[in-house]
Amino acid sequence: MSTTADVIRSADAHSAHTYHPLPVVVASADGAWMTDVEGRRYLDMLAGYSALNFGHGNRRLIDAARAQLERVTLTSRAFHHDRFADFCTELAALCGKEMVLPMNTGAEAVETAVKTARKWGYEVKGVPDGHAKIVVAADNFHGRTTTVVSFSTDHDARDHFGPYTPGFEIVPYGDLTALSRAVTENTVAVLLEPIQGEAGVLVPPAGYLSGVRELTRERNVLFMADEIQSGLGRTGRTFACEHEGVVPDVYILGKALGGGVVPVSAVVADRDVLGVFRPGQHGSTFGGNPLACAVALEVIAMLRTGEFQQRATELGDHLHHELGLLVGGGAVTAVRGRGLWAGVDIAPGHGTGREVSEKLMERGVLVKDTHGSTIRLAPPLVISKEDLDWGLDQLRAVLA
Ligand SMILES: *Cc1c(COP(=O)(O)O)cnc(C)c1O
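Residues numbered from 1 in each chain as written. Predicted model: local features only at pLDDT ≥ 70, side-chain atom pairs only at ≥ 80, totals over all residues. Heavy atoms only, no water.

Focus on the domain arrangement of the protein chain
Convention followed: Note: domain ranges come from an automatic or database domain assignment. The contact rule is simple, with two residues in contact once any of their heavy atoms fall within 4.5 Å. Buried area is a sum: the accessible area each of two parts loses on coming together, probed at 1.4 Å, counted once for each and added. Any carboxyl oxygen of Asp or Glu that lies within 4 Å of a side-chain nitrogen of Lys or Arg is treated as forming a salt bridge with it. By definition, any uninterrupted DSSP run of H or I lasting at least four residues is a helix, any uninterrupted run of E lasting at least two residues is a strand, and each is numbered from the N terminus. All amino acids are sorted into three groups, where Ala, Val, Leu, Ile, Met, Phe, Trp, Tyr, Cys and Pro are nonpolar, Asp, Glu, Lys and Arg are charged, and the leftover types, Gly among them, are polar.
Considered domain by domain, the protein chain is made up of domain 1 (4-57 + 309-399) and domain 2 (71-304). A C-alpha centroid distance of 27 Å is found between domain 1 and domain 2. If you look at the interface, domain 1 gives 27 residues, while domain 2 gives 26 residues. Around 2300 Å² of area is buried between domain 1 and domain 2 when both sides are counted, 58% of it from carbon and sulfur atoms. Our enumeration of links across domain 1 and domain 2 arrives at one salt bridge. Elements with a minimum of two residues in the side of domain 1 that touches domain 2: α11 (307-326), β11 (332-337), β12 (342-346) and β15 (374-377). Here the side of domain 1 that touches domain 2 takes three residues from α11, the largest share from any one element. A breakdown of the residues in the side of domain 1 that touches domain 2 according to their chemical character gives 13 nonpolar, eleven polar and three charged.

Thoughts on the site of the ligand
The condition that has to hold: The near set for a molecule or strand comprises every residue that places at least one heavy atom within 4 Å of it. N or O atoms closer than or at 3.5 Å make up a polar contact, with two conditions inside protein: a donor-capable atom paired with an acceptor-capable one, and, for residues adjacent in sequence, both atoms drawn from side chains. The protein chains shown are the only cover counted for residues, whose accessible areas, like all others here, come from Shrake-Rupley with a 1.4 Å probe.
The ligand sits among Thr105, Gly106, Ala107, Phe141, His142, Gly143, Glu193, Asp226, Ile228, Gln229 and Lys255. Note that an oxygen atom of the ligand is positioned 2.6 Å from one of the side-chain N or O atoms of Lys255. Here the ligand has 380 Å² of accessible area as a free molecule, and 81% of this is covered by the chains. Here the shell around the ligand is composed, by residue class, of three nonpolar, five polar and three charged.

Remarks on the pairing of strand β9 (residues 250-253)
For the record, the criterion: The classification of residues rests on relative accessible area computed with a 1.4 Å probe and restricted to protein chains. Under 20% of the type maximum is buried, over 50% is exposed, and intermediate values are partly exposed. One requirement defines pairing of two strands: DSSP has to find at least two bridges between them.
Side chains Val250 and Ile252 project from β9 onto one buried face, and the interleaved Tyr251 and Leu253 project onto a second face that is buried too. Where strand β8 (residues 222-226) meets β9, three bridges bridge the pair, whose relative direction is parallel. Across the sheet, residue Asp226 finds its bridge partner in β9, namely Ile252. With four bridges connecting them, β9 and strand β10 (residues 265-269) associate as antiparallel partners. Across the sheet, residue Leu253 finds its bridge partner in β10, namely Ala266.

Topic: the environment of Ile383
Within the secondary structure, Ile383 is located in the loop between β15 and α13 (385-399). Owing to a relative accessible area of 0%, Ile383 belongs among the buried residues under this scheme. Every residue in contact with Ile383, bar those within four places of it in the chain, is listed here: Ala32, Leu43, Met45, Arg311, Leu315, Leu340 and Leu388.

Thoughts on empty space enclosed by the protein
Where we set the bar: Both site types are read off a 1 Å grid over the protein atoms alone. A 1.4 Å probe that fits but cannot get out defines a cavity, while an open set with protein on both sides within 12 Å along at least five of seven lines defines a pocket; lining residues have an atom within 4 Å of a point. Grid points are joined across faces, edges and corners, and a volume is the space filled by probe spheres set on the points.
With the rule as written, the count across this model stands at three cavities of 30 Å³ or more. Counted as a void, the largest cavity has a volume near 40 Å³. Along its surface, the largest cavity is lined by Pro194, Ile195, Val203, Pro204, Leu209, Ala240, His243, Glu244 and Arg338.

This is how it looks when you write it as structure tokens:
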């Protein structure tokens, strides 16, 4: 068996350094807990950036995957398969929409939404060909493809990857006036995260999302909500947009849709939007494959019970109450978030986000830092209250 140092050394030698992982080497995991190659246990307070909303090794999801593995795993979309229609029907119903376009990763779903909005703009709205504009928010995170980083404001994500895809307008997040000014007759969509995850779990001001909804409806512009991280239970609702009673035109989903088992993403909208596609105009070899559909169908069934949303609400209230007590105590300057999702800003002099994450790791808690001084907490929704409290104890000890 390899030791932690051996594994890290050969990963450093043979993988491109696109990440700076904490020095822990996971060998197995169950529920909210992971075990490393040396047998140490860690509470997972990141949950794969919400991809693991239902925890590691979730019985229902593993059983669904295993059963499908024995039947058929891939057909390509050249043929129908017997899980596809159910998946599309059930996901559309969960979203209150009519059509689904399945892909694999989040970035692919965002790309798909961009293509959808442009095609809709030219063929339905009547924007002159080649002139479509999409308005996005500063500090967004929508993935890593060349088009998606073209409208990033993060230098690490963007610099030296040009030439950039044109057709995007960037406005400050949470600013309705700026958004309204940026929308013209050539604007086909507004693309937003209802809560900005990578930016540090930034919740927009009250009334922003409903304002965006009103504005986009009035100006005949699609409201595309990137719910890849915020959706599917994390905030205490199926979709974070629900907190403001908002229904976007387009949902962009990923992460938890694959149950932490396989990558599954999708764009979900009504027929007047997704109906613009004809055969050959978009596709993916793996998108909507039988294994993906089987796992996602189980995810959808689990979300339909509402129990995960309720857990996220109850445990989230507890989490935010406890974190709120830390604010003003010297070590924490601000806490944001909704449900089982929090961004915690560490005060200067109490360590960087990375240093706090490393100290938490030494105490058996895994989190991820962002933007230098923030740590992100997003445990699996299946975490027990006792484990959550234990994790909070470790955070208090590190910050003491
Ligand atoms: C993770 C994420 C993406 C990109 O998803 P990938 O599967 O990593 O390509 C896009 N948007 C948001 C909001 C995300 O959190």
